[in-house]
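As a plain string of letters, each chain reads:
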Amino acid sequence: MDFITSDTHFLHANSLNFEGCALRKSLYKTEEEMNEGIIRQWNSQAKPGDTIFVLGDIACATDKKIAHNLPGIIERLNGHIILVRGNHDTYATQKIMAEHGHIVCDYYEYKMNKQLMCMSHYPFASWNKQRYGSCQAFGHCHGGYAGVGRQMDVGWDNFARLLTVNEVFNLLMAIPVHITEHW
């Protein structure tokens, strides 16, 4: 099965204090509790053969803390991760992901039912084949931006779980096409 999420922010104690992260704050009290809770929820859904798209910010910490702690977290997560790089995905994070056999990219297009789901860390004003019904999944906003038309923030702070790509695709396909007049 294919899953999608963003902004897990492993190792980032301060994410528990973000204004837009009420769900995260209600579930976790400490960084350790947050890390363990996300791992437990992730593994309750994803199996070893599944693919998980993480639309950026899998972790957020200093390179030293990431180098010391992220490998142990990644080794415990079920599935093959495709990390669509976010603003907090440092060189150390990218190196660790690659060393563990995961993919790191800046943008990803997923085809489903002859339609595209464009995946990025950031919401776009316009995306590939938008006027032909494609959709965009993004992160970064921690629930602070709902998107326009067939866009959706799939972040951990909105759902506190992995979403299936099929679930997101079906939700987005139910939204009318919004055409941005930019050309």
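Our structure is the block above this text.
Treat the numbers as computed from the prediction; the structure is a model and nothing was measured. (Residues numbered from 1 in each chain as written. Predicted model: local features only at pLDDT ≥ 70, side-chain atom pairs only at ≥ 80, totals over all residues. Heavy atoms only, no water.)

What follows covers the overall build of the protein. When you go through the protein residue by residue, the secondary structure sums to six helices and nine strands. The C-alpha atoms of the protein give 16 Å as radius of gyration, which agrees with the globular expectation for 183 residues (16 Å, within 12%). Its C-alpha atoms give the protein principal-axis dimensions of about 45 × 35 × 30 Å. Residue burial in the protein is summarised as follows: out of 183 residues, 49% are buried. Put simply, of all contacts in the protein between residues at least 6 apart along the chain, 60% involve residues at least 24 apart. Surface exposure of the protein reaches about 8,500 Å², of which carbon and sulfur atoms provide 54%. Both charge centroids of the protein, one from 16 positive and one from 19 negative side chains, sit 4 Å from each other. (Helix = DSSP H or I, 4+ residues; strand = E, 2+ residues; numbered from the N terminus. Rg over C-alpha atoms; globule rule 2.2 N^0.38 Å. Buried < 20%, exposed > 50% of the residue type's maximum accessible area, 1.4 Å probe, protein only. Contact = heavy atoms within 4.5 Å. Areas by Shrake-Rupley, 256 points an atom, 1.4 Å probe, with all protein chains shown as cover. Lys, Arg positive; Asp, Glu negative; His and termini not counted. Charge placed at Lys NZ, Arg CZ, Asp CG, Glu CD.)

With that settled, consider the sheet that holds strand β4 (residues 103-105). Strand order in this open sheet of five strands is β4-β3-β2-β1-β9, and the pairing throughout is mixed. Each having just a single partner strand, β4 and β9 (163-164) make up the two edges of the open sheet. One ladder, built from four bridges, connects strand β1 (residues 2-5) with strand β2 (residues 51-54); its direction is parallel. Within β2, the position partnered with Asp-2 by the bridge is Thr-51. (Pairing = 2+ DSSP bridges.)

Attention now moves to the packing of helix α3 (residues 63-76) against helix α4 (residues 91-99). The interhelical angle for the contact between α3 and α4, taken along N-to-C directions, is 25°, at an axis separation of 9 Å. Considered as vectors, α3 and α4 are oriented roughly parallel to each other. Of the two elements, α3 crosses α4, and the hand of that crossing is right-handed. Contacts between α3 and α4 pair Asp-63, Ile-66, Ala-67, Leu-70, Pro-71 and Ile-74 from the former with Ala-92, Thr-93, Ile-96 and Met-97 from the latter. (Axes fitted to C-alpha atoms, helices over the stretch in contact; angles between N-to-C directions. Parallel < 35°, antiparallel > 145°, perpendicular 65-115°, else oblique. Left-handed = near helix turned anticlockwise from the far one by under 90°.)

This brings us to the side chain of His-142. Tracing the sequence through the fold places His-142 in the loop between β7 (135-138) and β8 (151-153). Polar side-chain contacts of His-142 include one of 2.4 Å to the side chain of Asp-157. (Polar contact = N/O pair within 3.5 Å; in protein donor to acceptor, adjacent residues only side chain to side chain.)

Here we come to the environment of Glu-167. By the secondary structure assignment, Glu-167 is in helix α6 (residues 165-173). Taking relative accessible area as the criterion, Glu-167 reaches 25% and is therefore assigned partly exposed. Counting along the chain gives 59 residues from Glu-167 to Tyr-108, while the straight-line C-alpha distance between them is 18 Å.

Okay, the sheet that holds β7 next. The strand order across the open sheet built from four strands is β5-β6-β7-β8, with neighbouring strands paired in mixed fashion. With one partner strand each, in any of the chains shown, β5 (108-112) and β8 form the two edges of the open sheet. Averaged over all adjacent pairs, the angle separating strand axes in this sheet is 20°, with direction ignored. Packing of α6 onto the sheet brings it into contact with β5, β6 (115-119), β7 and β8, and relative to β6 it is tilted by some 110°.

So, about the pairing of β5. Of the pairings in the sheet, the one linking β5 to β6 comprises five bridges and is antiparallel in character. Each residue of the ladder has a partner; that of Lys-111, found in β6, is Leu-116. Linking β5 to β6, which pair antiparallel, is a turn of two residues; within it Asn-113 sits at a positive phi near 50°.

Attention now moves to the nonpolar core. With 27 residues, the main nonpolar core has Phe-10, Trp-42, Ile-58, Leu-70, Ile-74, Leu-77 and Ile-81 as its most contacted residues. Contributing elements (two or more residues each) for this core: α2 (31-45), β2, α3, β3 (80-84) and α4. Setting aside anything within four residues of it in sequence, one finds Leu-70 in contact with Leu-11, Ala-59, Lys-65, Thr-93 and Ile-96. Grouped together as the second largest cluster of nonpolar side chains are 19 residues, Leu-55, Ile-82, Cys-135 and Val-168 included. (Core = buried A, V, L, I, M, F, W, Y, C linked by side-chain atoms within 4.5 Å.)

The next subject is the packing of aromatic side chains. One pass over the full model with this rule turns up four aromatic pairs. Ring geometry for Phe-53 against Tyr-110: centres 5.6 Å apart, planes inclined by 85°, an arrangement best described as edge-to-face. Of this pair, Phe-53 sits in strand β2 while Tyr-110 sits in strand β5, and the two are 57 residues apart along the sequence. Looking at Tyr-110, the relative accessible area reads 15%, which means it is buried. (Phe/Tyr/Trp six-rings, centres within 6.5 Å; stacked < 30°, edge-to-face > 60°.)

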